[in-house]
Amino acid sequence: MSRKIERLINLTIALLATKRFLTKKEIFASVDGYEGSAETKERMFERDKDDLRNLGIDIDVGGFDPAFDDEAGYRIKSDKYSLDLGDISGVEIALLSLAAEAWRGAALDSAAQSALLKLKSMGIDSDLDSIPSISPAIRTPHTDFEIISRAISQRRTLSFSYLSKQLDIQTRTIAPYAIATQQSFWYLAGMDLDKESIRTFRLDRFQGEITIGKEANTFEIPTDFDILKSLNTDASNEIATIDIRKGKAHLMRSSALSVTDLGEWDRVTVPFFDLAKMVDLVLWHGDDVFVISPEHLRNSVIAALATIVDLHG
Amino acid sequence: MAKNPQTPLSRTSRLLDLVPYLTSHQGIDLNILAQDFSVSSSQMVADLTTLWMCGLPGYTPLELMDLSFDSGYVTIHNADTLARPRNLTIEEAIALLLGLDLVVQSLPQDREDLKEIAQGLIDRLSRLANLPSRIRIEPNINESIRTLITSAISKKQAVKIQYHSLYSDEVTKRNIHPLEFRVDGAHEYLWAYCEKVAGFRSFRVDRVLDATISGPRVELIQSSASKAADPITYSLEVFSRFRDVAERFALDEMGKGSQSRGTSYSSQWLLRCVMASAGAVKLTSPQEIRSHIAATASGLLDRYKAG
């Protein structure tokens, strides 16, 4: 196996060092490790190119020089191969180290650590002393991150099985736009290619494997797309007026827009996006909350209460 | 970095990253180098031995990389072509971007200067990875509270907290002696001795509303003898909104329209969950809680009809 590794490294060095495109003939003649029949060498080279691309190394193809023959040439551009973050300070290295440490034990731990090694290779000492002692931590057990992030970055589609509201397993295919966390859950947003509209999906409702599209650059992400906005605008934003018993319903109070003291009760206004979720939240608080308006929220709560009485009476 | 450090591709990847790392860390101890790359020392020797055979076409000593590691300390020369660190992969960039987003939110208010520097890094990395602000992290945990508690744990201090108990819907002040953070599913918990209940409890970190250091931590022996009450066994009939119900009651297996059984330590939790299911479920047992639900719902219904 070492032979293959040596050959891949030598190929990388040769393609990086060359100023002009190298033809396959030149590569086979000069790079160590290409042996056997013409066909064998050809196959080896094709596989090596794929392997390097899988490692994220871009190989440029070009240089059809009529003075020689019509053969394509290859090279690796040094500015694409190497990390260029411009000038970077010790403070910046320290902040990046904290960012990488936040993944300790979570989904992207190994990617974060290898990123950190590359940053440390720039030979700049981390200036940790100038940063207050904070210890941010990401707690994400999901392992689908890598495939999802690759799909977003390369503009490839994703197909997956998703648990619907009725517990059916549905197959969805989307053009992924963005991922985000909200209230401890991770969401993926994108254009649902069957439904032809933007949808958001909770990652823990994915079932089984995710498949990534074979072709890259199949769609464009709207430049003004904001995932947090799309998570919160399932329906139009409404404001409810609700009476809350003093010292109760902290979940609801935390999003209150205004509070008026009524003595034993407070009258608060809270925004809501989804009628069904708001009904659930009102009912969760039992007789500590009482809906004043809007009418349709009040009617939905009354209808739900009537059903609960029927079922349990 | 691939999971298995031995596959040809992950070894190739590591060797390519080793060259710039060695270039900027000349004379590094071989064992430390192995640790930095999360491999065994013998794997590192194998990697260096392979690397030793690589170089520019020609492959005479003039073209080969000049590595020395016999002494236990590693130096590299004649490796200019690979001396600059490789570009970040997409996964690496995403990991750093999400981490930085969280760092920005964790920094104290009065460090606008650092927030600006971190934001500048986010912009540069986003451009590099072709991901213009596509990823956001929104912790529902107040990171400054988390930072305070983390420091209290390491310094063995007690903490005074304001805590929102969800099921009883009360905010209480408690003096706690925190021991560690634990993660269960999507949520993070704090395991601590609580003076109020004179026992160990776990607290959902996102429900800690405020925290201040209150003094040194009392050394306590964790007793496994819990005073937990017997669990309540309940059964449900589910009619609709199956996914909501399954997630709310944390039911693993549930067919449509089926009977489900579960256990809970809190009758308040059960009552609230059934109410909040808005008629999608019927609690068939226990009878006392069922009657309580009927009474609460019909009392509320009367109030709505009156007002």
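Here goes a summary of the coordinates provided. (Residues numbered from 1 in each chain as written. Chains lettered and ligands numbered in written order. Predicted model: local features only at pLDDT ≥ 70, side-chain atom pairs only at ≥ 80, totals over all residues. Heavy atoms only, no water.)

What follows is about the packing of aromatic side chains. Centre distance and the angle of the planes are the two values used to describe a pair of aromatic rings. All names here are of chain A. Taken as a whole and assessed by the stated rule, the structure comprises 21 aromatic pairs over all chains. Ring centres 5.9 Å apart and planes at 85 degrees place the aromatic pair Phe28 and Phe45 in the edge-to-face group. Here the residue Phe28 occupies a position in helix 2 (residues 24–30), and Phe45 occupies one in helix 3 (residues 38–54), the gap between them amounting to 17 residues. Residues Phe28 and Phe45 agree in their burial class; the two are buried. Ring centres of Tyr177 and Phe225 lie 5.1 Å apart, and the angle between their planes is 80 degrees; this geometry places the pair in the edge-to-face category. You can see Tyr177 sitting in strand 5 (residues 169–182) and its partner Phe225 sitting in the loop between strand 8 (206–212) and helix 8 (227–232), a full 48 residues away along the chain. Across the pair, exposure class does not vary: Tyr177 and Phe225 are buried alike. (Phe/Tyr/Trp six-rings, centres within 6.5 Å; stacked < 30°, edge-to-face > 60°. Helix = DSSP H or I, 4+ residues; strand = E, 2+ residues; numbered from the N terminus. Buried < 20%, exposed > 50% of the residue type's maximum accessible area, 1.4 Å probe, protein only.)

Attention now goes to the interface of chain A and chain B. Taken together, the contact between chain A and chain B spans 125 residues of the former and 112 residues of the latter. Both sides of the chain A and chain B interface together cover about 10600 Å² of buried area, and 64% of this is carbon and sulfur. A per-residue breakdown of the area chain A buries against chain B is headed by A:Lys118, A:Trp284 and A:His312, which together make up 8% of the total. At the surface where chain A touches chain B, the tally comes to six salt bridges. In this assembly, chain A and chain B are joined by 27 residue pairs in polar contact (both at pLDDT 80 or more). Top contributing element to the side of chain A that touches chain B by residue count: helix 1 (residues 2–17) of chain A, with 12 residues. (Contact = heavy atoms within 4.5 Å. Buried area = accessible area lost by both parts, 1.4 Å probe. Salt bridge = Lys/Arg side-chain N within 4 Å of Asp/Glu carboxyl O. Polar contact = N/O pair within 3.5 Å; in protein donor to acceptor, adjacent residues only side chain to side chain.)

This brings us to the nonpolar core. Within the largest apolar cluster, 72 residues are counted, with the highest numbers of intra-cluster contacts made by A:Trp103, A:Phe160, A:Leu188 and B:Leu100. Broken down by element, this core gets its largest block of residues, 11 residues, from helix 4 (residues 90–106) of chain B. In this structure, A:Ile27, A:Phe28, B:Val19 and B:Leu64 belong to the second largest nonpolar core, which totals 48 residues. (Core = buried A, V, L, I, M, F, W, Y, C linked by side-chain atoms within 4.5 Å.)

Turning our eyes to something else, we now look at the side chain of A:Glu92. Among the secondary structure elements, A:Glu92 is positioned in helix 5 (residues 90–101). Only 2.8 Å separates the side chain of A:Glu92 from the side chain of B:Arg124, close enough to count as a polar contact.

Turning our attention to unusual backbone geometry. Between A:Ser293 and the following residue, A:Pro294, the backbone shows a cis peptide bond with an omega angle of 0 degrees. You will see that B:Asn78, though not glycine, has its phi angle at about 60 degrees, which is positive. With respect to the helices and strands, B:Asn78 occurs in the loop between strand 3 (73–77) and helix 4. Despite not being glycine, B:Asp169 shows a phi value in the positive range, around 55 degrees. Secondary-structure assignment places B:Asp169 in the loop between strand 5 (157–165) and strand 6 (170–184).

The strand order across the open sheet built from four strands is 10-11-9-12 (chain A), with neighbouring strands paired in antiparallel fashion. Two strands in the sheet have a free side with no partner beyond their single neighbour: strand 10 (258–261) and strand 12 (289–293) of chain A. Taken over all neighbouring pairs, the strand axes of this sheet differ in orientation by 25 degrees on average, direction set aside. In the sheet, strand 10 of chain A pairs with strand 11 (residues 265–272) of chain A via four bridges, with the strands oriented antiparallel. The residue bridging A:Val259 from the neighbouring strand is A:Val268, located in strand 11 of chain A. Of the strands in this sheet, strand 11 and strand 12 of chain A are in contact with helix 9 (residues 287–306) of chain B, which crosses strand 12 of chain A at around 30 degrees. (Pairing = 2+ DSSP bridges. Axes fitted to C-alpha atoms, helices over the stretch in contact; angles between N-to-C directions.)

Residues and elements named next belong to chain A. Applying the stated criterion across every chain, the model contains 30 salt bridges over all chains. For Glu26, the salt bridge identified is with Arg20, shortest N-O distance 2.8 Å. Exposure remark for Arg20: the relative accessible area of 48% places this residue in the partly exposed category. A salt bridge links Asp60 to Lys80; its shortest N-O distance comes to 3.7 Å. Of the two residues, Asp60 sits in strand 2 (residues 60–62) while Lys80 sits in helix 4 (residues 78–81), which places them 20 residues apart along the sequence. Looking at Asp60, the relative accessible area reads 17%, which means it is buried.

Residues and elements named next belong to chain A. Of all the residues in helix 10 (residues 275–284), the buried ones are Met278, Val279, Asp280, Val282, Leu283 and Trp284. Sitting at the amino-terminal end of helix 10 is Asp274, which places a side-chain oxygen 3.0 Å from the backbone nitrogen of Ala276. Where helix 10 terminates, the next one or two residues include Gly286, which has phi positive at roughly 50 degrees.

None of this, on its own, says anything about what the molecule does.
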